[in-house]
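A closer look at the structure
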Amino acid sequence: MRREGYGFEPECRISVRNALGGPSASEKMNYIWLIPLLPGFGAAINGLVGIRSFSRKTAGAVASATMIAALGLALLAFWQLVGLAPAARAFDVTVAEWIPRIPLATHDGIGNFEVNWGFRLDPLSGMMLLVVTGIGTLIHIYATAYMTDEPRGGYARFFCYLNLFCFFMLMLVLGNNFLVMFVGWEGVGLCSYLLIGYWYEKKTAADAGKKAFITNRVGDWGFVLGVFLIYYTFGTLDFRAVQNAAGAMPVETMGFGVLSTICLLLFVGATGKSAQIPLYVWLPDAMEGPTPVSALIHAATMVTAGVYMLGRNAVLFSHAPMVLEIVAIVGVLTALMAASIGLVQYYIKRVLAYSTVSQLGYMFTAMGVGAFSAGAFHLMTHAFFKALLFLGSGSVIHAMAGEQDMRRMGALKKYLPVTFATMMIGTLAIAGIVPLSGFFSKDEILFQAFQHNKAIWAIAVVTAFMTAFYMFRLMSMTFFGGYRGPAWETAGHAAVVTAAHHGVPHPADPHAHGQAHKRDHEVTHGPAEPHGQATDHGHGHDAHGAQTAHAAGVDDAHGGHGHGPWHGPHESPTPMTFPLMVLAVGAIVAGFVGVPVALGGNNAIEHFLEPSFTASHVEGHAEPGAEPAEEHEAAHPSRQLELGLMAFSVLIAVAGIGLAYRFYVTKPEISETLAERWAGAHRLLLNKYYVDELYGATIIAGTFNAARGLWTVDRNVVDGAVNGTGKLTVVSSWFSGLTDRTVVDGLVNLVGWIVQESSHAFRRLQTGLVQNYALLMLFGIFAFVSIYLIVR
Amino acid sequence: MITPTHYMLLSAALFIIGVIGVMARRNIIIIFMSIELILNAVNINLIAFSAQLQNAVGQVFAIFVIAVAAAEAAVGLGIILAFYRNKETVNIDEMNLMRW
């Protein structure tokens, strides 16, 4: 380990460190700190100038341009990283000093606490860098079209937040110590809050933002405590130094030592950020945000920060097997629970939200069974297909003028061909159909879980089945079957629509939706926004058609319409379909970097990421050299077994898809009868296991009661004390006044009275007769002279 | 032979006459003159000791006393005149305005 590499030389502001020396290679990399800075710059421009004076086009262009530039730099950096020898793939760049060296206590004396703005590029952060910049760029482009209905200032504000999010996320990914990561960690939380509550005039959105923020606070509390303990234990916050120091410590198989405590605290942080039990409740509510936000923050990047953090600290965690066990159990239970809730939800984005929670649970399962690279691999593939699915759902919502309820969709396949095709790819990918990306990553996880613990594997397989089912349920309800949505005002369609409308009964539709339901659509800003009501119908969709001429090409049925009522579902404009297509390609090919050995691949991503998950790969004294090989052997005990498991999970996925197709397309009444027969279970799932109610009844009500109790204490005790003091002062001042009036004034008056009374006697002396005075004087003289004469 | 004792006896006699005059008489003029007697009794004492001790300081004092007595007489007579114009009397018993 090169300890001196982490020292900070004041004479050079930017010191570049390569893990293996070779300044020529590392000097080329010293621009990586620009990657986060570019979106930050964009956010500053849009925030300081854009909100006041940029047009929509300029604001979107600035934001997208900074992201494209960041993507370019990220690709360049990644290319250079890949071009190096595997052992040398790590760079540390210190941009500036943050906290200068101060003495601070550690467990073995006073250590030097110092933190630099240091960035680190290694395989894991390189992969995340590509995911964040790549998907971030696509979503920026998508959002330029998706958000056009927003007022100009709000549009610039949106892009300011979105860029700011990318800034913080890249900071989180690239930071080379815990504190820089924490800055990013908190920053993305802030941006998440800002973007969930983007339509802050809508109460549900504002509440969802608060919920996300507060829930994350609970997790961040654990994270920051973990960071404190890391400094106290290791005397440094640098990732690499901590990993190497932890690598030299014994594995805590027997007891729950300091490493386990650190890992548990860090995992608490991860559960908050990555929406795991028990802190997952904020993520489904976060769907109140605009769909590009859901795609970028709440599916592809931010929520994976917890997984990324676990991967960053893989050495720590692998030295705390008990915590890993907890991680695996929490992960797999979250996966199962979220998937089961996703089975019955009706809002398209909610299904995807629970799907995200479930997939994050998968990643944690992978981390928990020690398959760090499998978890990271799934993180990457998931980023592709989940961003794709969210953007697709955004396209559907856009087409339906804000309708999110899948019971009011159906048969959209013919109106939204591109969205349908790309979303189908995403669905097949998440379901794990060979050879799409989800298949490889998910099977890697399932295989590792099988080797680790059969129970976890079984739950994960059930989850995989549910995943395939609810995703295909979503596709069926949205794209297949009969159209159940609102009618639109085109003579040709009206008949068909009315027939469909009346022909298909609404399954368990509690409130009759009419046209008015569109008022609730996603882009409505709430009652405070006057234009949201005034131009309710269509609300700018027609403006799309006019503004983006491409729309006419994709969607010939609606290309020419002018302003007026909603003209029915239609395909989205090119800036929205382009990212969909790119992501679809990604969802297909992203898995090929991790083709397992059993299928004739070489699992490239695992070997690529491996250096990030081991301690010192330079000298390797901490980690026994035999271990990787041994693990490798253990990882592939039987090719037959692995192939069998793969076939089994594909079979499971196909079964799920088939069942969903049967339930929701061929015989839609089955699902209703099932829902009726299992009414209790159905209600339980529909109400999300009443977890929100449980939290509301326990934690939130508890907090409120505690607050009320404290308020009562405040009112009675504190106010009582203050008021008592006041009363006491009044009483004592009354006594004081009494004393003043009687004693003090009495004394003064007594003196006056005495003087007055005695003056009666003395005034007799004052005869006014000069001779009396002279006589007295004479007597006096006699007296004094006599005294003088006698005493002498 | 006239000795200092004689002078002192004369001076004491004059002084006592003066004091009795100041105490006993009611007429301001008389009192005034009695004061002069007291002063002159002092002067006789001063001169006598000056001659006895062959020291001129006593005579200088005496001259000072005469000068002061002259000034006093001037001021005092002025007061008496002013008083008389107000009260039409020079009886000292009438001079009791400073009484309480």
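Residues numbered from 1 in each chain as written. Chains lettered and ligands numbered in written order. Predicted model: local features only at pLDDT ≥ 70, side-chain atom pairs only at ≥ 80, totals over all residues.

Our next topic: the overall build of chain A. Scanning chain A from terminus to terminus reveals 31 helices and three strands. For chain A, the residues scored as buried account for 50% of the 792 residues in total. For chain A, the share of sequence-separated contacts (at least 6 apart) that also reach a separation of at least 24 residues comes to 78%. (Helix = DSSP H or I, 4+ residues; strand = E, 2+ residues; numbered from the N terminus. Buried ≥ 20, exposed ≤ 12 C-beta atoms within 10 Å, placed from the backbone. Contact = placed C-beta atoms within 7 Å.)

With that settled, the discussion passes to the overall build of chain B. Helix and strand counts for chain B stand at three helices and zero strands. Tracing chain B from N to C terminus, the helices and strands come up as α-α-α. Relative to the compact-globule value of 13 Å for 100 residues, chain B shows a C-alpha radius of gyration of 17 Å, a clear excess of over 25%. Partitioning the intrachain contacts of chain B with sequence separation of at least 6 by distance along the chain shows that 45% fall at a separation of at least 24. (Rg over C-alpha atoms; globule rule 2.2 N^0.38 Å.)

Right, let's get into the confidence of the model for chain B. The predicted model of chain B averages 90 in pLDDT, with 99% of residues at 70 or higher. Here the predicted complex carries an ipTM of 0.82, next to a pTM of 0.73. (pLDDT = per-residue confidence, 0-100.)

Attention now moves to unusual backbone geometry. Cis geometry is adopted by the peptide bond preceding Pro278 of chain A, which originates at Ile277 of chain A and carries an omega value of 5 degrees. Relative to the elements of secondary structure, Pro278 of chain A occurs in the loop between helix H9 (258–273) and helix H10 (282–285). That bond from Val434 of chain A to Pro435 of chain A is cis: its omega, 0 degrees, falls within 30 degrees of zero. Of note in this structure, Lys688 of chain A is not a glycine but carries a positive phi near 55 degrees. Inspection of the secondary structure assignment puts Lys688 of chain A in the loop between helix H29 (679–686) and helix H30 (691–762). Residue Glu88 of chain B is not a glycine yet carries a positive backbone phi of 60 degrees. Along the chain, Glu88 of chain B falls in the segment after helix H3 (57–87).

Below, the discussion takes up the pairing of strand S3 (residues 109–121) of chain A. Residues and elements named next belong to chain A. As judged from the twelve bridges shared by strand S2 (residues 91–106) and S3, these two strands associate in the antiparallel manner. Its bridge partner lying in S3, Ala105 is registered against Ile110. Hairpin remark: S2 followed by S3, antiparallel, with two residues in the connecting loop. (Pairing = 2+ DSSP bridges.)

What follows covers the interface of chain A and chain B. Between chain A and chain B, the residue contacts involve ten residues of the former and eleven residues of the latter. Of the residues assigned to the side of chain A that touches chain B, the class counts are five nonpolar, four polar and one charged. (Nonpolar A, V, L, I, M, F, W, Y, C, P; charged D, E, K, R; others polar.)

What follows covers the environment of Phe663 of chain A. All names here are of chain A. By the element assignment, Phe663 lies in helix H27 (residues 639–666). Using a count of 20 C-beta atoms within 10 Å as the deciding quantity, one classes Phe663 as buried. Separated by 51 residues in the primary sequence, Phe663 and Asp714 place their C-alpha atoms 58 Å from one another. Contact partners of Phe663, with chain neighbours within four places excluded, come to Ile670 and Ser671.

This part takes up the nonpolar core. Nonpolar side chains in soluble globular proteins tend to be buried together. Counting 220 residues, the largest nonpolar core has Phe165, Ala387 and Ala460 of chain A as the members making the most contacts within it. With 18 residues, helix H5 (residues 152–174) of chain A is the single largest residue contributor to this core. (Core = buried A, V, L, I, M, F, W, Y, C linked by C-beta atoms within 7 Å.)

The next thing to look at is the packing of helix H12 (residues 305–312) of chain A against helix H15 (residues 348–368) of chain A. Geometry of a packed helix pair, given as the angle between the helix axes and the separation of the axes. All names here are of chain A. The contact between H12 and H15 brings their axes to 10 Å, and the two run at 10 degrees. Our classification of the angle between H12 and H15 gives roughly parallel. Of the residues in H15, those in contact with Val307, Leu310 and Gly311 of H12 are Leu360, Met363, Phe364 and Met367. Of the residues contributing to the contact of H12 with H15, the split by class is six nonpolar, one polar and no charged. (Axes fitted to C-alpha atoms, helices over the stretch in contact; angles between N-to-C directions. Parallel < 35°, antiparallel > 145°, perpendicular 65-115°, else oblique.)

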